[in-house]
Each structure stands twice: as structure tokens, then as C-alpha cells.
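# Survey of secondary and tertiary structure
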Amino acid sequence: MASIELKNLKKVYPGATTPTIVDTSLVFNDKEFIVLVGPSGCGKSTLLRMIAGLEDITAGDLLIDNVRMNDVPPKDRDISMVFQNYALYPHMTVYDNMAFGLQLRKVAKAEIDQKVRKAAAILGIEPLLTRKPKDMSGGQRQRVAIGRSIVREPKVFLFDEPLSNLDAKLRVQMRTEIKRLHRQLDATMVYVTHDQIEAMTMGDRIVIMKDGVIHQFDTPMNLFNNPVNKFVAGFVGSPSMNFLDGEIIDHNAQLTFRSKDVLFGVPAVYRDKLVRYVGKKVTFGFRPEYLYDTATEFSRDLSEGVPITIDVVEPIGSESFNYFHFNGNPDQTYCFRTSSNNLYQPDQVITVGADIERLRFFDGDTEALIV
């Protein structure tokens, strides 16, 4: 397989005032499963198409196995791409769709047959080889599109939102299949999605993008536990991290976070880094998973208890999403997760604390992580 290196890669479309890809430098290791994720328009598909050779590179270098690929045609990069819309030939059978690329390369008929049937066996589509695309489901068509890539035995597999046309249940099944395929082929794969859950469950490492800029490139759990800024913290996780804008004040000789009438003392472990923010704007971040009812959680090291009022409860089986407002700040709604064994009621007032090790504070101006 292959490693991929992006050196100061930049993309500016003709007539555009701002670049679509901004000075990007990344290294994808051999046999890694890399996911590019971010909101719509962040440049992730453009970056993937630059790797494939479908978009010109404005500046910088693209290397595959240490070979510069900027001016190499797509067909000579030894890369295979799976598209969102499958891109199957409707008049051809599954077998012919998978064999077509090899036929163009004048591969021997016996070798084509062997490769097509091997790929079909890996993907479990052997019974479909005589069908045409119109006679198959979306999930079956996507398997065929992946099978067409497998038979080429490329150095790198590229996936451009391949599951976005599938229903929720089939998406879960197919992402499991693709991860299994990655292990089976021991291949280098680069995968684009706008779905952060898809990214977290599939990627060995994940590239978080916004407005053409790489905000963080890290493992899924490091992104979740150690986001570099407010954008990454809010993008990763479902439900997303809660944010409360406020300031650090000196309240009765105690370093305190204040947001309107919400007050709580800053835990001692964070005081050294937050003392320089006294009188300055900060954003307090806490994940729904790490907020607890102080009346029931005696064993946890929690931050100072704060009263809240429950607005809406959403039971989703084994757990519930509880939407609430702080009693001193009724204008914003937040969320925390609990077991469905203990259902709260609308307008119920409880006192909550956050797991001290999981508290996050962000600079109010730069949005960079403070602690």
C-alpha cells in the first residue's frame, strides 16, 4: 500500500477571493484509515479530489510513497475512488461493472474473472453478479462500487461520502463492512464524511476541517477528550459539548466563573492557568456525559453544585437526554445524559456538578483551549 504526504497544499479556484484549502501539511501513514470530516463547504471533498488528481493543486506538493504526484494524471496514480452516487454503468451487469476497468487495461480474461469473483466473495455479492444496478438496493450498489475498486488492487482507496444516500440502519451496517474490509485488505484508505459519528467510529486518525483549515488531526479519543479549540470540542460528540459564555472573577477571594447569575468556584487544579483570565471572557465547556445529579452521585469528584431546571426529557431506551436551563441563566438550553432508570420531570429542579477532570475552558476571543 502507500503513505500520503501533503506539503503546504493550497487550492484557490479561479475568481475566488479566499482559498478553498489553506496551506495544508499532513502525513497519512501506510495502511491507516484516515477520515476527513467537517461541516459542508469546509474543503474536505476538494482535498480528497486533489489527492485523486481530479482537482489541480494551486501550490504545495502531494507525495504518494515519496513520489511527487502534482502533475501525474489520475489514471497513473494507482488510486481508486468510491463516489457518493456509486457511478455504476446502468446497462452493465455487476460482473461487467467490476471488470470494466481491468478490461480497459487489457488484463487477461482469466485474471479478471479471478479478481472479480474474489472481490465479490469478500463483499458477499456473489449472487448479484448477473444483476444490473436498477435491480439492487442502495447498499448492494455501494458494495458493487467498492468491489470495482478492490479488483484494481490500488495503493490507496478514496471514499467520498459513500454512505450518505443510505438509510440510518444500512449506514451503520456498511461502515462496519468498510472497517472490516480495511483490516482484511490491510490498505491505506482516506474517507470523507460530514457525519462526526461515522468519523469517530471508523477512523484510525481524523482530520477536523473548517473553512479550508485543519483544526486538529488526531485519534478519535484525543479529539473527544483533548480538543484544541471550541470548534473541535463542539463538533465531536453527540450530543455535542455544552458551552456557557462568561468570565473569570475574583469573588470573595475565590477564583470564580460567572455567567449572568450562574456562579461556581473554579476547581483548584485549574486555578494556575485561569488566574490570568480574571476579568476576561472565557467559555466554559462540559459534555452531556459528564454532568451528574449531586443527590445521587456521591462517589464522583464533582465541581461545585449548581441548581438547574429540567425543560424536556427525551428517553431513548437505556438512557435519556435531559434538556435544562441554569436557574441563573434561563435564556439558553443545555443537555446532559442519564440512565432511563431515573426519569426527571419537566420543571423539576435539581443540583448538578460536572466531573472535575472533564471540565474545559476556552479563551473567549481566540476560542483556543485554556485547560
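Look a little higher up for the structure.
Let us look at the structure shown here. (Residues numbered from 1 in each chain as written. Predicted model: local features only at pLDDT ≥ 70, side-chain atom pairs only at ≥ 80, totals over all residues. Heavy atoms only, no water.)

This part is about the sheet that holds strand S12 (residues 254-259). Strand order across the open sheet formed by five strands is S13-S12-S11-S14-S20, with antiparallel pairing between neighbours. Because the sheet does not close on itself, it has two edges, and the strands there are strand S13 (262-265) and strand S20 (360-363). For this sheet the average axis-to-axis angle between neighbouring strands, irrespective of direction, equals 35°. The pairing of strand S14 (residues 281-286) with S20 spans four bridges and is classified as antiparallel. When the sheet's bridge partners are listed, Phe284 is paired in S20 with Phe361. (Pairing = 2+ DSSP bridges. Helix = DSSP H or I, 4+ residues; strand = E, 2+ residues; numbered from the N terminus. Axes fitted to C-alpha atoms, helices over the stretch in contact; angles between N-to-C directions.)

The next thing to look at is the sheet that holds strand S7 (residues 156-160). Ordered by their spatial adjacency, six strands build an open sheet running S6-S7-S8-S3-S9-S10, and the pairing between neighbours is mixed. If you trace the sheet from one side to the other, it starts and ends with strand S6 (79-82) and strand S10 (213-218), each paired once. Geometrically, the sheet is characterised by an average inter-axis angle of 15° between neighbouring strands, direction not taken into account. As defined by bridge partners, S6 adjoins S7 across four bridges and the pair is classed as parallel. Directly across from Met81, in S7, lies its bridge partner Leu158. The sheet contacts of helix H4 (residues 138-150) involve S6 and S7, and relative to S6 the element is tilted by about 175°. Helix H5 (residues 168-185) rests against strand S3 (33-37), S7 and strand S8 (188-193) of the sheet, and its axis sits at about 160° to S8. (Contact = heavy atoms within 4.5 Å.)

Here we come to the packing of aromatic side chains. Considering all chains together, one arrives at 21 aromatic pairs under this definition. Note on Phe284 and Phe361: the rings are 5.3 Å apart at their centroids and 35° apart in plane angle, and the pair reads as tilted. Remark: Phe361 occurs in strand S20 and Phe284 occurs in strand S14; sequence separation between them is 77 residues. Look at Phe284 and you get buried, because its relative accessible area is 5%. Here Phe361 falls in the buried class, since its relative accessible area comes to 0%. Residues Phe286 and Phe326 carry aromatic rings whose centres are separated by 6.2 Å and whose planes lie at 75° to one another, so their mutual orientation is edge-to-face. Taken together, the residues span a long stretch of sequence, with Phe286 in strand S14 and Phe326 in strand S17 (residues 319-326) at a distance of 40 residues. Accessibility expressed as a relative area gives 2% for Phe286, which makes it buried. Residue Phe326 is classed as buried on the basis of its relative accessible area, which comes to 5%. (Phe/Tyr/Trp six-rings, centres within 6.5 Å; stacked < 30°, edge-to-face > 60°. Buried < 20%, exposed > 50% of the residue type's maximum accessible area, 1.4 Å probe, protein only.)

A word on the pattern of salt bridges. Applying the stated criterion across every chain, the model contains 22 salt bridges. With a closest N to O distance of 3.6 Å, Lys11 and Glu55 form a salt bridge. Of the two residues, Lys11 sits in strand S1 (residues 4-11) while Glu55 sits in the loop between helix H1 (44-52) and strand S4 (59-64), which places them 44 residues apart along the sequence. As far as the burial class goes, Lys11 and Glu55 line up, both buried. Across the salt bridge formed by Asp61 and Arg68, the nearest N and O atoms sit 2.6 Å from each other. The exposure class of Arg68 is partly exposed, given its relative accessible area of 45%. Among the charged side chains, a salt-bridge network with shared partners connects Lys11, Arg49 and Glu55. (Salt bridge = Lys/Arg side-chain N within 4 Å of Asp/Glu carboxyl O.)

With respect to the element layout, Gln216 can be found in strand S10. Side chain to side chain, Gln216 and Asp218 meet in a polar contact 3.4 Å long. Contact partners of Gln216, with chain neighbours within four places excluded, come to Ile206, Val207, Ile208, Asn222, Leu223, Asn226, Pro227, Val228 and Val232. (Polar contact = N/O pair within 3.5 Å; in protein donor to acceptor, adjacent residues only side chain to side chain.)

We now examine H4. If you check H4, its first and last C-alpha atoms are 19 Å apart, about what 13 residues at 1.5 Å a residue would give, namely 18 Å. Within H4, 10 of the 13 residues are buried, leaving the element largely enclosed by the surrounding structure. Here H4 has its buried residues at Gly139, Gln142, Arg143, Val144, Ala145, Ile146, Gly147, Arg148, Ser149 and Ile150. Each element contacted by the buried residues of H4 is listed here: S6, helix H2 (94-104), helix H3 (109-123), S7 and H5. (Expected span 1.5 Å × (residues − 1).)

The next subject is the nonpolar core. Counting residues in each nonpolar core, the largest one holds 50 residues, and the members touching the most others are Met98, Ile146 and Ile208. The greatest single-element share of this core, amounting to six residues, is contributed by H3. Setting aside chain neighbours within four positions, we find Met98 in contact with Val116, Ala119, Ala120, Ile125, Leu129, Val144, Gly147, Arg148 and Val151. (Core = buried A, V, L, I, M, F, W, Y, C linked by side-chain atoms within 4.5 Å.)

At a minimum axis distance of 11 Å, the contact between H4 and H5 shows a crossing angle of 15°. It follows that H4 is roughly parallel to H5 by the angle criterion. Between H4 and H5 lies a crossing whose hand is right-handed. Across the interface between the two elements, Gly139, Gln142, Arg143, Ile146 and Ile150 of H4 pack against Leu170, Gln173, Met174, Glu177, Ile178, Leu181 and Leu185 of H5. When its residues are assigned to classes, the contact of H4 with H5 shows seven nonpolar, three polar and two charged. (Parallel < 35°, antiparallel > 145°, perpendicular 65-115°, else oblique. Left-handed = near helix turned anticlockwise from the far one by under 90°. Nonpolar A, V, L, I, M, F, W, Y, C, P; charged D, E, K, R; others polar.)

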